[in-house]
Protein chains: 2
Amino acid sequence: MEKDFEYVELFEIYKDLLTDKQRELFSSYYLFDLSLSEIADVEGGSRQSVYDAVKKVKIKLSEYEKILGVQEKTKRLEEVASLTKDENTARAIREIIER
Amino acid sequence: MEKDFEYVELFEIYKDLLTDKQRELFSSYYLFDLSLSEIADVEGGSRQSVYDAVKKVKIKLSEYEKILGVQEKTKRLEEVASLTKDENTARAIREIIER
């Protein structure tokens, strides 16, 4: 599995919908950049079981985005903020969408 | 339990994060306006068990809003759209936040 860091942004948005275990696993792999084998050594289980578990978290994150679209809406709002000449409005939009 | 219809808006936002059962229960009570006893008659179980289950769904919806804040952000963005004199920006914001 190539590490596709696009999931890091989805993780930042939806992490509190995950279980502790799922958060820990995702952080180990993507944020602390451990390998699947390293995680398997620490957590127990095989490299394959860690692979499957990480994949499951990624599917969850994609599902959340499909349902709620927070990432996509945020991007579109950033674009609106960058296009408007009304500076107060741009600032207001950015304040709302920033986490 | 008084029927507090403020949850209907949260339900519209977060319903696809609920289970089928939770969605069905919430819809019966809030959208089809059945009583707890009527739901208990249809679903089986007691009035109390239906009460508890509906309460659990409401807690879930509140948790989702606390984590993601989609309702609050939408309200704030509606306000920004209503205040700006830039009509294109107002329209763009409304298009993004409307479901």
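Presented here is a report on the structure given in the accompanying data block. (Residues numbered from 1 in each chain as written. Chains lettered and ligands numbered in written order. Predicted model: local features only at pLDDT ≥ 70, side-chain atom pairs only at ≥ 80, totals over all residues. Heavy atoms only, no water.)

A few points about the relation of the copies chain A and chain B
And step 1. Rotating chain A by 180 degrees about the axis while translating it 0.0 Å along that axis superimposes it on chain B, leaving an RMSD of 0.0 Å. What the superposition gives is, in effect, a two-fold axis relating one chain to the other. The C-alpha atom lying nearest the rotation axis in chain A is that of Asp86 of chain A; the distance is 3.5 Å.
And step 2. When the interface residues of chain A are mapped onto chain B, 100% of them again fall at the interface, so both copies present the same face. (Least-squares fit on C-alpha atoms with pLDDT ≥ 70 in both. Contact = heavy atoms within 4.5 Å.)

Digging into the side chain of Glu65 of chain A
Residues and elements named next belong to chain A.
And step 1. Relative to the helices and strands, Glu65 resides in helix α4 (residues 47–68).
And step 2. A polar atom in the side chain of Glu65 sits 3.0 Å from the backbone nitrogen of Glu72.
And step 3. Dropping the residues within four chain positions of it, Glu65 is found in contact with Leu10, Tyr14, Val70, Gln71 and Glu72. (Helix = DSSP H or I, 4+ residues; strand = E, 2+ residues; numbered from the N terminus. Polar contact = N/O pair within 3.5 Å; in protein donor to acceptor, adjacent residues only side chain to side chain.)

A few points about empty space enclosed by the protein
And step 1. Scanning the model with the defined rule gives 1 cavity of 30 Å³ or more in all.
And step 2. Looking at the largest cavity, its volume works out to about 170 Å³.
And step 3. Lining the largest cavity we find 13 residues, and of these Val70, Lys73 and Leu77 of chain A together with Lys73 and Leu77 of chain B sit closest to its centre.
And step 4. Elements represented by at least two residues in the lining of the largest cavity include exactly α5 (70–83) and α6 (87–97) of chain A together with α5 (70–83) of chain B. (1 Å grid on protein atoms, 1.4 Å probe; cavity = no way out; pocket = protein on both sides within 12 Å on 5 of 7 lines; lining within 4 Å. Points joined across faces, edges and corners; volume = space filled by probe spheres on them.)

Examining the packing of aromatic side chains
Residues and elements named next belong to chain A.
And step 1. Overall, the coordinates contain 10 aromatic pairs over all chains when judged by the stated rule.
And step 2. Relative to Tyr30, the ring of Phe5 lies with its centre 5.6 Å away and its plane at 85 degrees, an arrangement referred to as edge-to-face. You can see Phe5 sitting in the segment before α1 (6–14) and its partner Tyr30 sitting in helix α2 (residues 20–31), a full 25 residues away along the chain.
And step 3. Judged by its relative accessible area of 44%, Phe5 falls in the partly exposed class.
And step 4. Residue classification places Tyr30 among the buried residues on the basis of a relative accessible area of 4%.
And step 5. Taken together through their ring pairs, the aromatic side chains of Phe5, Phe11, Phe26, Tyr29 and Tyr30 make up a single cluster. (Phe/Tyr/Trp six-rings, centres within 6.5 Å; stacked < 30°, edge-to-face > 60°. Buried < 20%, exposed > 50% of the residue type's maximum accessible area, 1.4 Å probe, protein only.)

Things to note about helix α2 (residues 20–31) of chain B
Residue and element names in this part refer to chain B.
And step 1. Those residues of α2 not exposed but buried are Gln22, Leu25, Phe26, Ser27, Ser28, Tyr29 and Tyr30.
And step 2. In the core, the buried residues of α2 are packed alongside α1 (6–14), α3 (36–43) and α4 (47–68).
And step 3. Within two residues after α2, Asp33 carries a phi angle of roughly 55 degrees, on the positive side.

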